[in-house]
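# Structural overview for review
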Amino acid sequence: PHLRVLADLKIMDAGGYEVMKASEAGADIITVLGVSDDSTIKGAVAEALKQGKQVMVDMINVKDIEGRAREIDAFGVDYICVHSGYDHQAEGKNSFEELAAIKRVVKHAKTAVAGGIKIETLPEVIQANPDLVIVGGGITSQTDKKVAAAQMNQLVKQA
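For the structure given in this document, a descriptive report is provided here. Only a predicted model underlies this, so the values are computations on that prediction, with no experimental measurement involved. Every residue gets a number counted from 1 within its own chain, in the order that chain's sequence is written. Totals for whole chains, interfaces and linings use every residue, but because this is a predicted model, local features are given only for residues with pLDDT of at least 70 and side-chain atom pairs only at 80 or more, for both listing and counting. Heavy atoms from the whole structure form the basis of all side-chain values; hydrogens and water molecules are not counted.

## So, the layout of surface pockets
Any empty space left between atoms is shown by rolling a water-sized probe over those atoms. Worth spelling out the cut-off: A cavity here means a set of 1 Å grid points, computed over protein atoms only, where a 1.4 Å probe fits but cannot escape. A pocket is an open set with protein on both sides within 12 Å along at least 5 of 7 lines, and lining residues have an atom within 4 Å of a point. Grid points are joined across faces, edges and corners, and a volume is the space filled by probe spheres set on the points. Comment: elements are numbered from the N terminus, with helices defined as DSSP H or I runs of at least four residues and strands as E runs of at least two.
Considered as a void within the structure, the largest pocket measures approximately 710 Å³ in volume. Lining the largest pocket we find 21 residues, and of these Leu132, Val133, Ile134, Val135 and Val156 sit closest to its centre. Breaking the lining of the largest pocket down by element, the ones donating at least two residues are helix H6 (122-128), strand E6 (132-134) and helix H8 (145-158). The greatest single-element share of the lining of the largest pocket, amounting to four residues, is contributed by H8.

## Re the sheet that holds strand E2 (residues 29-33)
What counts, and what does not: Strand pairing requires that DSSP identify at least two bridges connecting the strands. Lines are fitted to the C-alpha atoms to define the axes, a helix being fitted only along its stretch in contact, and any angle between axes, read from their N-to-C directions, falls within 0 to 180 degrees. Throughout, a contact is declared for two residues whenever any of their heavy atoms are within 4.5 Å.
Strands sit in the order E1-E2-E3-E4-E5-E6 across an open sheet of six strands; the sheet is parallel. Two strands bound the open sheet, and with one partner strand each, they are strand E1 (6-11) and E6. With strand direction ignored, the average angle separating the axes of adjacent strands in the sheet is 25°. Pairing of strand E4 (residues 79-83) with strand E5 (residues 110-114) involves five bridges; the strand directions are parallel. Looking across to E5, one finds that Cys81 is bridged to Ala112. Contacts from helix H2 (residues 38-51) reach E1, E2 and strand E3 (54-58) within the one sheet, and its direction differs from that of E3 by about 155°.

## Some remarks on the nonpolar core
Let me state the cut-off plainly: Only buried residues count toward a nonpolar core. Its members are Ala, Val, Leu, Ile, Met, Phe, Trp, Tyr and Cys residues joined through side-chain atoms within 4.5 Å. For every residue, the accessible area obtained with a 1.4 Å probe (protein chains only) is divided by the maximum for its type, and the residue is called buried under 20%, exposed over 50%, and partly exposed between those limits.
Counting residues in each nonpolar core, the largest one holds 34 residues, and the members touching the most others are Ile41, Val55, Met59, Ile72, Val77, Ile80 and Ile102. Here this core takes five residues from helix H5 (residues 96-105), the largest share from any one element. Sequence-distant contacts of Ile102, that is, excluding residues within four places in its chain, are made with Ile65, Ala69, Ile80, Val82 and Thr111. Core analysis: the next-biggest nonpolar cluster, separate from the first, contains seven residues, Ile29, Tyr79, Ala112 and Leu132 among them.

## Notes on the packing of helix H3 (residues 65-73) against H5
Where we set the bar: Every angle not falling under 35 degrees, over 145, or within 65 to 115 is termed oblique; those three ranges are roughly parallel, roughly antiparallel and roughly perpendicular. Two helices crossing with the near one rotated counterclockwise from the far one by less than a right angle form a left-handed crossing, whereas a clockwise rotation gives a right-handed crossing. Think of it as three bins: nonpolar holds Ala, Val, Leu, Ile, Met, Phe, Trp, Tyr, Cys and Pro, charged holds Asp, Glu, Lys and Arg, and polar takes everything else, Gly as well.
Where H3 contacts H5, the two axes come as close as 9 Å, and the packing angle between them is 45°. In this view, H3 runs oblique relative to H5, as classed from their interaxial angle. The interaxial crossing formed by H3 with H5 has right-handed handedness. Contacts from Ile65, Glu66, Ala69, Arg70 and Asp73 of H3 reach H5 at Glu98, Ala101, Ile102, Arg104 and Val105. Looking at the contact of H3 with H5, its residues break down into five nonpolar, no polar and five charged.

## Some thoughts on the pairing of E2
This is how it is decided: By convention, orient the strands away from the viewer: a clockwise path from the first strand over the helix to the second makes the crossover right-handed.
Of all the five residues making up E2, five are buried; the element is thus mostly covered by neighbouring parts of the structure. In this fold, E1 hands off to helix H1 (residues 15-24), which returns the chain to E2; that crossover is right-handed. Judged from the five bridges that link them, E2 and E3 form a sheet pairing that is parallel. Bridge pairing links Thr31 to Met56 in E3. For the segment spanning E2, H2 and E3, crossover handedness is right-handed.

Printed below as a string of structure tokens:
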């Protein structure tokens, strides 16, 4: 109960309903895709406000990162997250350029980064200074997940 839960639902439709159900299940932050319709994002934000939860917009596959981040920021979302998916990572793409782009235009939301973050890349992530770092495979792919998470946590705390 002392941990914040991020439900990475990547909502694409029925934003309000999906946020309500995720909230009922104990989620604190719920993700919505940046490529979804404006009404979906706005519905998610409205429901999150009712539930005392937060909305993170995942910008995976958004073509105009700066333009869309500017629009989404005006909707009252809590976080805007750049995300290099597995397929992008295989092509050598990372999210640091996109993170810099959203930092230039976002005025209200906090920034987040996800995708391809592991112990070796974490120092570069820390230097990019997002408000939130989301690590998945960088921990779950390790044999000793507890040690991997502790090492990453230590690097963040030192920064």
